[in-house]
Amino acid sequence: GIWGYSPHAAPPGGQFHVWFGGAVEEVEERWKHVRNSVSGITCASLGALSSQDTISPAHSLKPTGLTSTGGDSRFMRYGVSPCEVVCTENLTPWLKLLPCGSRSGLASLLDASRLYDTAYHSLGVHVRRVVHEGGVVWEIQLTLSLVFSLPSKDW
């Protein structure tokens, strides 16, 4: 289309992936901790992801920020919950992550009732470590993908 492809995937349900540093032995415990923490922040049920919902893909989802593991998949966890429905409980904390808050800027254009009347919607929070002006900083990208149905015209 004329808008091109989204720079981030926007699948239905909830997906979550993390690249860890440190010792391989600590990855499972840290995965559980970060899942529960992010679940609490976003009001999503990511903490309920089981080992059946989690993988460590070896040939996809390479790190996009700084990593001390060189892309070794033993340090990566990817979980998906296709039945996770994005709702207003997820939108409120997402809006609070915007630099302008939830009442000005981009957030002022979002009407929750219209947002959930779309044919498709997806919220994303993407966090990575990057080098910026000689130092290491955390970069947060918030994504919102919407598909509106056009009103039918009786030709």
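Our structure is the block above this text.
Residues numbered from 1 in each chain as written. Predicted model: local features only at pLDDT ≥ 70, side-chain atom pairs only at ≥ 80, totals over all residues. Heavy atoms only, no water.

Let us now look at the nonpolar core. One finds Phe16, Val18, Trp19, Phe20, Val27, Trp31, Ala44, Leu46, Leu49, Phe75, Met76 and Tyr78 forming the largest nonpolar core, which totals twelve residues. Elements supplying a minimum of two residues to this core: β1 (14-19), α1 (27-42) and β3 (76-81). For this core, the leading source of residues is β1, giving three residues. Those residues in contact with Met76 that sit more than four places away from it in its chain are His17, Val18, Trp19, Ile55, Ser56, Pro57 and Leu61. (Core = buried A, V, L, I, M, F, W, Y, C linked by side-chain atoms within 4.5 Å. Buried < 20%, exposed > 50% of the residue type's maximum accessible area, 1.4 Å probe, protein only. Helix = DSSP H or I, 4+ residues; strand = E, 2+ residues; numbered from the N terminus. Contact = heavy atoms within 4.5 Å.)

Right, let's get into the sheet that holds strand β2 (residues 54-55). Spatial ordering of the open sheet is given by β1-β3-β2, a layout of three strands whose pairing is antiparallel. Where the open sheet ends on each side, the last strands, each with one partner, are β1 and β2. Summarising the sheet, β1 and β3 pair through six bridges and their orientation is antiparallel. Looking across to β3, one finds that Trp19 is bridged to Met76. Against the sheet, α1 touches β1, β2 and β3, its axis set at about 135 degrees to β1. (Pairing = 2+ DSSP bridges. Axes fitted to C-alpha atoms, helices over the stretch in contact; angles between N-to-C directions.)

Looking now at the environment of Gln15. Residue placement: Gln15 occurs in strand β1. When its relative accessible area of 27% is taken as the criterion, Gln15 is described as partly exposed. For the pair Gln15 and Tyr78, spaced 63 residues apart in the sequence, the C-alpha separation amounts to 7.4 Å. Aside from chain neighbours lying at most four places away, what touches Gln15 is Ala9, Tyr78, Gly79 and Val80. Among the polar contacts made by the side chain of Gln15, one reaches the side chain of Tyr78 at a distance of 2.8 Å. (Polar contact = N/O pair within 3.5 Å; in protein donor to acceptor, adjacent residues only side chain to side chain.)

According to the stated counting rule, one finds one aromatic pair in the structure shown. Ring plane angle 20 degrees and centroid distance 5.4 Å describe the contact between Phe16 and Trp31, whose orientation is recorded as stacked. Note that Phe16 is positioned in strand β1 and Trp31 in helix α1, a separation of 15 residues in sequence. With respect to class, Phe16 is no different from Trp31; both count as buried. (Phe/Tyr/Trp six-rings, centres within 6.5 Å; stacked < 30°, edge-to-face > 60°.)

All right, on to the environment of Arg114 then. Along the chain, Arg114 turns up in helix α3 (residues 112-115). The class of Arg114 is partly exposed, set by a relative accessible area of 46%. For the pair Arg114 and Phe148, spaced 34 residues apart in sequence, the C-alpha to C-alpha distance is 9.5 Å.

Restricting attention to buried positions, one finds in helix α2 (residues 88-96) the residues Asn90, Leu91, Pro93, Trp94 and Leu95. In the core, the buried residues of α2 are packed alongside α1, α3, β4 (120-132) and β5 (135-147).

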